[in-house]
Amino acid sequence: VAETLLGRGELKDISEASWQNQIILPGQDVIVTGKIGRAGLVKLFREKRGEFEKAFPKIYIERIGSKFADRLPFIETETALFYGVTAMYPCGSGGILAGLWNLGRYEGAGMEIEADRLYCEQEVVETAEYFDLDPLKMDSEGVYILTSFMGEELVYALRKAGIDAVSAGKVIKDKKRVIRFNEEERFIDSPRYI
């Protein structure tokens, strides 16, 4: 019983996990874990290292060269049961915006996301600016989006376990999927347009 309360109870089959059904409900928090755009940064660096070396200082190149992007959601899946996670979606090409759009397909629910809560590493932001890219559309493999009514508690538990996690917004009744940049509200586009 104690293991289940800690989110470590064993499931007979992974398909029994609540997040496998990908149900999102109005009022739930939208939690984002991992490093947004890092996979895109790593891939771009491998493809255009020479251009990076001409444009950025050596210390910057060393920091980027030591980064890795892929990550499996071991800690997220361990804590999901205890914190009532009902959906977990892996991001990839198309970035966090494609992930949010795709997660919103389930149950036809919408979401409101606060852009200032999403975190991109400085290297991702600078690289995106240099190559004229949107960091929120850069490949975000290793980033996961979760929904839960216990968002704050889940974020705290994930951070305590060493995972970057933020409560980025809410699931709403309206089917629109929007992201707010200060006072400006933009619709999140379908990945086929990204």
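Owing to the predicted nature of the structure, the values given are computational and were not obtained by experimental measurement.

## Side note on the nonpolar core
What tends to happen in soluble globular proteins is that the nonpolar side chains get buried as a cluster.
Moving on, step 1. One finds Phe52, Ile96 and Ile113 to be the most contacted residues of the largest nonpolar core, which totals 37 residues.
Moving on, step 2. The set of elements that each furnish at least two residues to this core consists of strand S1 (29-33), helix H2 (38-47), helix H4 (58-65), strand S2 (87-90), helix H6 (95-104), strand S3 (110-114), helix H7 (122-130) and strand S5 (165-172).
Moving on, step 3. Of the residues forming this core, the biggest block, four residues, is contributed by H6.
Moving on, step 4. Setting aside residues no more than four positions away along its own chain, Ile113 makes contact with Val30, Leu100, Leu118, Ala168, Gly169, Val178, Ile179, Arg180 and Ile188.
Moving on, step 5. With 13 residues, the next largest nonpolar core counts Ile31, Ala80, Met88 and Ala157 among its residues.

## Looking at the environment of Gly99
Moving on, step 1. When you line up the elements, Gly99 lands in helix H6.
Moving on, step 2. Along the primary structure Gly99 and Val143 are separated by 44 residues, whereas in three dimensions their C-alpha atoms are 9.0 Å apart.
Moving on, step 3. Once residues within four sequence positions are removed from consideration, Gly99 is found in contact with Tyr89, Cys91 and Ile145.

## A word on the packing of H2 against H7
Moving on, step 1. Their axes nearest at 10 Å, the elements H2 and H7 cross at an angle of 60°. The orientation of H2 with respect to H7, classified from their angle, is oblique. As H2 packs across H7, the resulting crossing turns out to be left-handed. Mapping the contact onto sequence places Arg38, Leu41 and Leu44 in H2 and Glu123, Val124 and Thr127 in H7.
Moving on, step 2. Here the contact of H2 with H7 is composed, by residue class, of three nonpolar, one polar and two charged.

## A few points about the pairing of S1
Two faces belong to every sheet, and in a regular strand the side chains alternate between them.
Moving on, step 1. For S1, a buried count of five out of five residues is recorded, marking the element as mostly surrounded by other parts of the structure.
Moving on, step 2. Neither face of S1 is exposed, since Asp29, Ile31 and Thr33 on one face and Val30 and Val32 on the opposite face are all buried.
Moving on, step 3. Sheet analysis places S1 next to strand S4 (residues 144-148), joined by five bridges and oriented antiparallel. Opposite Val30, over in S4, you have Thr147 as the bridge partner.
Moving on, step 4. When S1 meets S5, the two strands line up antiparallel, connected through five bridges. Looking at the pairing, Thr33 lines up with Ala165 of S5.

## Describing the confidence of the model for the chain
Moving on, step 1. Chain-level statistics for the chain give a pLDDT mean of 86 and a share of 87% at 70 or above.
Moving on, step 2. Low pLDDT, under 50, characterises residues 1-14; the stretch is placed with 15 contacts to residues that sit more than four places away or in other chains.

## Describing the side chain of Glu76
Moving on, step 1. Along the chain, Glu76 turns up in helix H5 (residues 74-80).
Moving on, step 2. Those residues in contact with Glu76 that lie beyond four places of it in its chain are Thr33, Arg71, Met88, Tyr144, Leu146, Leu158 and Ile163.

## Here we look at the packing of aromatic side chains
Moving on, step 1. In this structure the tally under the stated criterion is seven aromatic pairs.
Moving on, step 2. Centre to centre, the rings of Phe52 and Phe131 are 5.3 Å apart; their planes meet at 40°, and the pair counts as tilted. A residue pair is termed long-range when its members are at least 10 positions apart, and Phe52 in helix H3 (residues 49-55) and Phe131 in the loop between H7 and S4 qualify at 79 residues.
Moving on, step 3. Geometrically, the ring pair formed by Phe56 and Tyr60 is stacked, given 4.3 Å between the ring centres and 20° between the ring planes.
Moving on, step 4. Look at Phe56 and you get buried, because its relative accessible area is 12%.
Moving on, step 5. Assessed through its relative accessible area of 3%, Tyr60 is described here as buried.
Moving on, step 6. Taken together, the aromatic side chains of Phe45, Phe52, Phe56, Tyr60, Tyr130 and Phe131 make up a single cluster linked through ring pairs.

What counts as what
Residues numbered from 1 in each chain as written. Predicted model: local features only at pLDDT ≥ 70, side-chain atom pairs only at ≥ 80, totals over all residues. Heavy atoms only, no water. Core = buried A, V, L, I, M, F, W, Y, C linked by side-chain atoms within 4.5 Å. Buried < 20%, exposed > 50% of the residue type's maximum accessible area, 1.4 Å probe, protein only. Helix = DSSP H or I, 4+ residues; strand = E, 2+ residues; numbered from the N terminus. Contact = heavy atoms within 4.5 Å. Axes fitted to C-alpha atoms, helices over the stretch in contact; angles between N-to-C directions. Parallel < 35°, antiparallel > 145°, perpendicular 65-115°, else oblique. Left-handed = near helix turned anticlockwise from the far one by under 90°. Nonpolar A, V, L, I, M, F, W, Y, C, P; charged D, E, K, R; others polar. Pairing = 2+ DSSP bridges. pLDDT = per-residue confidence, 0-100. Phe/Tyr/Trp six-rings, centres within 6.5 Å; stacked < 30°, edge-to-face > 60°.

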